[in-house]
Amino acid sequence: MDTDLSSQDRKDLDKFIKFFALKTVQVIVQARLGEKICTRSSSSPTGSDWFNLAIKDIPEVTHEAKKALAGQLPAVGRSMCVEISLKTSEGDSMELEIWCLEMNEKCDKEIKVSYTVYNRLSLLLKSLLAITRVTPAYRLSRKQGHEYVILYRIYFGEVQLSGLGEGFQTVRVGTVGTPVGTITLSCAYRINLAFMSTRQFERTPPIMGIIIDHFVDRPYPSSSPMHPCNYRAGEDNGAVYPSVEDSQEVCTTSFSTSPPSQPAALGVGSADMGYPVLFAGGLHAAHPHQLIGPGKEGGVPPIPSQPAHGTQADQERMCTPLDGVHYSAATPSSSEDTETVSNSSEGKCGSPHDLLETIFVRKVGAFVNKPINQVTMANLDIPFAMFAPKNVELEDNDPMVNPPDSPETESPLQGSLHSEGSSGSSTGNTHDDFVMIDFKPAFSKDDILPMDLGTFYREFQNPPQLSSLSIDIGAQSMAEDLDSLPEKLAVHEKNVKEFDAFVETLQ
Amino acid sequence: MVGPGRTRCCGPPGAAPAMNCRAEVLEVSVEGRQVEEAMLAVLHTVLLHRSTGKFHYKKEGTYSIGTVGTQDVDCDFIDFAYVRVSSEELDRALRKAVGEFKDALRGSGSDGMGQISLEFYQKKKSRWPFSDECIPWELWTIKVNVVNLANEQERQICREKVGEKLCEKIINIVEVMNRHEYLPKMPTQSEVDNVFDTSLKDVQPYLYKISYQITDSLGTSVTTTMRRLIKDTLAL
C-alpha cells in the first residue's frame, strides 16, 4: 500500500521513475543516431548526472518524451514506448523495434527507494546501453544516411507490436522492483529483415520493402509524428526548444552508509544544492564533438509525418535537425551512389542557401524527388535541374516517372516485394495514362536555339522512312516489274564497257 | 594471475570458489585474430555493470558517487560493437590480461582451447599472521575455442557468426546482472578498499581479478585426448 511509503520516499520514487524514463529515451535514441557515442567519466559528482551515468540530454528528445508523458508516469497499463523505424529515401518505412518501459503490479515493499532502487535503475540503464548495441537495428542505424534514415516515435499508453511483422523477438533488458510496482524494460524487435539486410543497402539502389504507410492509416489513437534519429547540434537548434522546464531538478548523488533511521543527505529537487544546470547547455559546451558526425551525410531530407500536407509545426520538428543549412554535410562519399535522390536535388555543398527546403513525401521513382511545398530553387545551373520541376507538377508530367524512351529503373526486388497499398512506386505508375509532354532531354536546357539537343534528339529518333521501303513506291505491280526487266538489261549491256572500266579503278 | 593489487591475499590459485559464489560460464568459438576483441567485449560488458563512479565520503557517513561515462567500441575483426566504461586505465588493464591470454593460446602446446575468468571478490581482513582472505562472490568464465579457417569466405561468415554469438552473450550477461542477486554491501570509508578497486582515478569497479587456463595438448580432458589419438592415427 502506498501508505507504507513515506511521502519523501514517494516523491523521490516518482522523480526517479520520471528521470529514468527520460534517460531511457535518450539512451535509445542516441543509440540509433548512427554514430559512436562517447561520454567521459568524472570522479567528481555533478548534480545533473542522473543515476551516476554520463548520458547527454538531447533537448528535442527530452521535449518529445515529456510531451508523450504529459506529466504522467509509467504505470500499470500505461507504458512508455519508443518506436524505432526505418524509412528509405523513397518513402518506404518499416518498424524495427519497440522499446517498452512498463510497470506491473508486483510490489517490493522492503526495498529502499533512495538507495537500492536508485542503484538498480542505474544498473538497468547500463544494461540498456549494452542491449541497444545488440539488436539488429543498431547496425542498420550505423549505416543510415543516403538511402534510409532511422526515425523514432515516443508514445504513451498501450504497446502496439503489430507493426513488427511476424515472428518478432523480444529481449528483456531488466526489471527493478519498487514499492509501487515493478519497472520492466524490454525490447521487441523485428527479425524479418532479410530483404533489408545491411549488405543490401550497401550494394543495391534503394530497395522497396514491405510498405507500411504509417502516415496515412495510423491505427494508434495517440499517434505522434516520427522523428529522425540524426540530430545535428547546430547553433540554432539550442534555441528551438525550450530548455528543460524543471531544470531545477537535481539528481540524487549523495548516499548514506548510516542506518536508515538517520536522516540521509539526499539531493532533493531544488536548486539549493547549487549545482549548475547542464541539461541543455552542456550539450554544446562540454562535448561539442559528440553527436555531430561531420563525415556523416545528412543527405536524406527530413521526413514529414503526414502525406502531402506537412503542417508548419511538423515541418519545424522535421526540419530543425536537418535544416537547409545543414545539408552541407551531404558530400557524397565515394562509395555511395551519387545519383540518389537527396544529392540530386540538394545541389552543391557550397551553396547551402540555394538548397531546397523540400519535404519528400511520396516516392515517385528511383531517382526523383517530389517536393510538395514550393521549391526555393535558385536557378537552372544546378545539376540535374531538369529533374526538379519549377513548379508543382503532377506526377505524370515528371519525365522520370513517365520517360518517353528510357526504361524505368527497377530494383531487383520490386517485383517480388511490392505489396498492395503501396503509395505510388515507379512500377505503380505504369498503370497511369501516359500524357503527352514536352520532351526534355537530360543535360540540356530549354530549347532556346532552334537547333538544339532536343531538336536533334527528336529528329534522330524519328527519321523519315527510307523511300525505297515506302509502300507507295510499290504501286507498280510485280508483273509490270518483270516486264520492264528486259529493257533495263538491254541498257545495262550497252554500258558494259563503262562498268568494267569502273570496276578496274576500284581494284 | 593478473589484476589490480598484486599482493597475494588469497589462498592457492585455483581454489574452489566459495559456496555462495555466483558462477556463469560463456563459451565462444572464434578465429585467432578475433580472440582479443571477443574477450574484451565480454569483459567490458561485465565490468560496465560492475563499476560505479568514484566514492567521495563526507562527514556523517554519507558519500557521493562520481559519474561513469561510456563509449562505443567497434570491433575490427567481428561484426560487432559494444559499450565500455570510459576509463583508459581500466581498458589498459583488460587489454593486458587479454593479450597475455591470447599469447598463451597461440603458444606451443596449445590446442587452441582455453578459458579466461573474471572473478569479483571481497577482502576480509584477518589478523596477523594470517593473510587477508579473498572471498569471491561472482565468477565469470569464458571458454574459448580457436578455430582455423581455410579461406576468406569462411572468414567473412565467421565475422558475422561470431558477431551474432556475442550479441547472445551480451543478452545473457544482462540477464544475469538484472537478477539482482547478491552484491556486497556498500562499504564505509574504512572498508571501501575491501570491496572496490579504488586505484583507478575515474571509475571504481568492484575488486576483481582475471586469470586464465590453457588446455594444452597434454590436457587430461577426454576430448583433448581423443583428438590427439585420432590425429596420431591419421598421421601414420
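Residues numbered from 1 in each chain as written. Chains lettered and ligands numbered in written order. Predicted model: local features only at pLDDT ≥ 70, side-chain atom pairs only at ≥ 80, totals over all residues. Heavy atoms only, no water.

The name an unreviewed UniProt entry gives chain B is Autophagy-related protein 101, with Pipra filicauda as the organism. Annotation of chain B in UniProt includes, under Subcellular location (unreviewed entry), the sentence "Preautophagosomal structure". Among the UniProt annotations of chain B, the heading Sequence similarities (unreviewed entry) holds the following wording: "Belongs to the ATG101 family." (UniProt positions renumbered as here; feature names shortened; annotations may be inferred.)

Chain A is annotated in an unreviewed UniProt entry as Autophagy-related protein 13 of Pipra filicauda. Among the UniProt annotations of chain A, the heading Sequence similarities (unreviewed entry) holds the following wording: "Belongs to the ATG13 family. Metazoan subfamily."

## What to know about the packing of helix α1 (residues 35-49) of chain B against helix α2 (residues 88-106) of chain B
All names here are of chain B. The contact between α1 and α2 brings their axes to 10 Å, and the two run at 140°. In terms of orientation, α1 and α2 fall into the oblique class. At the point where α1 passes α2, the crossing takes the right-handed sense. Counted together, V35, E36, M39, L40, L43, H44 and L47 of α1 and L90, D91, L94, R95, V98, F101, K102 and L105 of α2 form the full contact between these two elements. Of the residues in the contact of α1 with α2, the class split is 10 nonpolar, one polar and four charged. (Axes fitted to C-alpha atoms, helices over the stretch in contact; angles between N-to-C directions. Helix = DSSP H or I, 4+ residues; strand = E, 2+ residues; numbered from the N terminus. Parallel < 35°, antiparallel > 145°, perpendicular 65-115°, else oblique. Left-handed = near helix turned anticlockwise from the far one by under 90°. Contact = heavy atoms within 4.5 Å. Nonpolar A, V, L, I, M, F, W, Y, C, P; charged D, E, K, R; others polar.)

## Describing the nonpolar core
The biggest cluster of nonpolar side chains holds 117 residues, and the ones touching the most others in it are M39(B), F80(B) and V144(B). No other element matches helix α1 (residues 7-31) of chain A, which puts 11 residues into this core. Setting aside anything within four residues of it in sequence, one finds F80(B) in contact with V134(A), A41(B), V73(B), D74(B), C75(B), G163(B), L166(B), C167(B) and I170(B). C81(A), C100(A), L164(A) and A188(A) belong to the second-largest nonpolar core, a separate cluster that totals six residues. (Core = buried A, V, L, I, M, F, W, Y, C linked by side-chain atoms within 4.5 Å. Buried < 20%, exposed > 50% of the residue type's maximum accessible area, 1.4 Å probe, protein only.)

## Quick notes on the interface of chain B and chain A
Taken together, the contacts link 44 residues of chain B with 44 residues of chain A. Summing the contributions of chain B and of chain A, the shared interface buries around 3,600 Å²; its carbon and sulfur component is 53%. In terms of surface lost to chain A, no three residues of chain B exceed T67(B), D72(B) and H180(B), which account for 19% of the buried area on that side. Taken together, the links from chain B to chain A amount to four salt bridges. Taking the shortest distance from any N to any O, the salt bridge between D79(B) and R139(A) comes out at 3.9 Å. For the pair chain B and chain A, the number of links is 18 residue pairs in polar contact (both at pLDDT 80 or more). Among the secondary structure elements, those contributing two or more residues to the side of chain B that touches chain A are α1, β2 (51-53), β3 (55-57), β4 (62-65), β5 (70-74), β6 (81-85) and α3 (152-177) of chain B. Considering each element in turn, the side of chain B that touches chain A owes the most residues, six residues, to α3(B). (Buried area = accessible area lost by both parts, 1.4 Å probe. Salt bridge = Lys/Arg side-chain N within 4 Å of Asp/Glu carboxyl O. Polar contact = N/O pair within 3.5 Å; in protein donor to acceptor, adjacent residues only side chain to side chain.)

## What about the packing of aromatic side chains?
Residues and elements named next belong to chain B. For the structure shown, the criterion picks out 16 aromatic pairs over all chains. Summarising the aromatic geometry, the rings of Y57 and Y63 are spaced 5.5 Å apart at their centres and angled 45° between planes, so their arrangement reads as tilted. You can call Y63 buried: its relative accessible area is 0%. Connected via pairs of aromatic rings, a cluster forms that spans F55, Y57, Y63, F120, W137, Y182, F196 and Y206. Over the face of the ring belonging to Y121 we find K209, whose NZ or CZ atom lies 4.2 Å from the ring centre. (Phe/Tyr/Trp six-rings, centres within 6.5 Å; stacked < 30°, edge-to-face > 60°. Lys NZ or Arg CZ within 6 Å of the ring centre and 35° of its normal.)

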